[in-house]
Amino acid sequence: MRTPRNDNLAELMGNLPMFAGVDAPVIDTIAALSSRKQASGGERVYAQGEVARAFYFVLSGHVRRTILSSEGGEKVIDVVGPRHQVGLSELVGASHYISTAEAVGDSMLLGIGREGLERAMSLSRDVSLRVLAAVAEQHLALEQEVASTYFHSSCRRLVNYLLSLAGTHLDAPAEEVVVLPISKSLLAERMGVTPETLSRAFRDLTDAGLISMYGRTITLSTKLIGRAHSGVGTSGPNIADDGRGRPGRRRSDFWIDRRALSDSLGSRGWVR
């Protein structure tokens, strides 16, 4: 892993969600204790079992997180893209990394060590709250992933993923175009299904008129967006409030009602 020059590192950090709007002196302090790192495809960022000494924002490219079992089996638990981070929960918890992180293709990372993060948190209550929110969101996402793996069909999980790519652009009931940021084979690993099962899920959604595909470019139909509007609460980079003091549902929690789609899917039975 190579370390490029850190020109404008403070400016770069100020554009990341965790540090956007934070006072400049705090940004300058943490930038002085951080570094950009360039990793080639397949290069390891950190290894499962190592002491957590830093966390990393993905600036470009993707990072895959995997867990290796004692029997030698490997499970992809996440594929992280730009402006998202890996290793934060382990760093805050003063523990070892629970997974191995490696670059998917050429990637640029921003590494922030324990000293830099602790310094920023001591200087800014706002940073402390954002770190806490990021750790809580990661924990909730893990719980949702476990539930999805065991209780949701492959089509439903694929729809959740496509809607998460669209993000806040779902505010109007119109077609939305998204581009898969990773290969379908890697997406299949991420979802915990075979490539054949993922292809079948894409085909079912296409046949139902919910999406159309051209390579990695996917158009979400107005029908699908309409279902999202009727079934999903507010969204945002962090957990939203539903107005009654409880966490709102994220767009990635979107689920399809069997009865509502019976006219489109007939007897396919792809929603469990």
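If you're wondering where the values come from, they're calculated on a predicted model, not measured in any experiment.

What counts, and where the lines are drawn
Per chain, residues are indexed from 1 in the order of the written sequence. Since the coordinates come from a predicted model, pLDDT governs what is reported: local features require at least 70, and pairs of side-chain atoms require 80 or more to be given and counted, while whole-chain, interface and lining totals use all residues. Excluded from the side-chain calculation are hydrogens and water; included are all heavy atoms of the structure. Helical segments are the DSSP runs of H or I of at least four residues, strand segments are the runs of E of at least two, and each set is numbered from the N terminus. Any pair of Phe, Tyr and Trp rings, taking the six-membered ring for Trp, is counted once the centres come within 6.5 Å. Such a pair is stacked with planes under 30 degrees apart, edge-to-face with planes over 60 apart, and tilted for the rest. Buried residues are those whose accessible area, probed at 1.4 Å on protein chains only, stays under 20% of the maximum for their type, while exposed residues exceed 50% and partly exposed ones sit between those limits. Counting as a charge over the ring demands two things of the Lys NZ or Arg CZ atom: a distance within 6 Å of the ring centre and an angle within 35 degrees of the ring normal. Here the nonpolar core consists of buried residues drawn from Ala, Val, Leu, Ile, Met, Phe, Trp, Tyr and Cys, with membership extended through side-chain atoms lying within 4.5 Å. In this analysis, two residues are considered to be in contact whenever any of their non-hydrogen atoms come within 4.5 Å of each other. For this document, the term salt bridge refers to a Lys or Arg side-chain nitrogen within 4 Å of an Asp or Glu carboxyl oxygen. Scored between 0 and 100, pLDDT is the confidence that the predictor attaches to each residue.

Novice: Sorry, what's going on with unusual backbone geometry here?
Specialist: Trans peptide bonds make up most of the peptide bonds, and negative phi angles are found at most residues other than glycine. Phi is positive for Arg83, close to 75 degrees, though the residue is something other than glycine. Its location among the elements puts Arg83 in the loop between β4 (74-80) and β5 (85-86).

Novice: What is the right way to look at the packing of aromatic side chains in this model?
Specialist: Within a pair of aromatic rings, the relevant descriptors are the distance that separates the centres and the angle that separates the planes. Taken as a whole, this structure holds four aromatic pairs when the rule is applied. Pairing Tyr46 with Tyr97 gives two aromatic rings, centres 3.8 Å apart and planes at 15 degrees, and the pair type is stacked. With Tyr46 in strand β2 (residues 44-46) and Tyr97 in the loop between α3 (88-92) and β6 (100-113), this pair connects stretches of sequence that are 51 residues apart. Considered together, Tyr46 and Tyr97 belong to a single accessibility category, that of buried residues. Through a chain of ring-to-ring contacts, three or more aromatic side chains come together here, namely Phe19, Phe55 and Phe57. The positively charged end of Lys184 is found above the aromatic ring belonging to Phe202, 5.4 Å away from the centroid.

Novice: What is the right way to look at the nonpolar core in this model?
Specialist: One broad trend across soluble globular proteins is that nonpolar side chains are buried collectively. Counting residues in each nonpolar core, the largest one holds 28 residues, and the members touching the most others are Leu158, Leu162, Leu187, Ile211 and Leu220. Ranked by the residues each element gives to this core, the list is headed by helix α6 (residues 154-166), at seven residues. Leave out the neighbours within four places in its chain, and Leu158 touches Leu187, Met191, Leu198, Ala201, Phe202 and Leu205. The next biggest cluster of nonpolar side chains, apart from the first, holds 21 residues, and it includes Leu9, Phe19, Leu110 and Ile112.

Novice: Honestly, the pattern of salt bridges in this entry has me stumped. Any pointers?
Specialist: Opposite charge on two side chains makes pairing possible when the charged atoms of those side chains draw close. Taken as a whole, this structure holds six salt bridges when the rule is applied. Note that Arg64 and Glu102 form a salt bridge whose closest N and O atoms lie 2.5 Å from each other. Taken together, the residues Arg64 in strand β3 (residues 54-68) and Glu102 in strand β6 connect sequence positions 38 residues apart. As far as the burial class goes, Arg64 and Glu102 line up, both buried. Here the salt bridges share partners, and the residues they tie into one network are Arg64, Glu102 and Glu189.

Novice: Help me understand the confidence of the model for the protein chain, please; the structure alone is not making it clear to me.
Specialist: Any region with low pLDDT has predicted coordinates that should not be read closely. Across the protein chain, the average pLDDT comes to 77, with 74% of residues at 70 or higher. Across the protein chain, the element-wise mean pLDDT spans from 40 in helix α10 (residues 262-265) up to 94 in β2. The low-confidence segment residues 232-272 (pLDDT under 50) makes 81 contacts with residues lying over four places distant or belonging to another chain.

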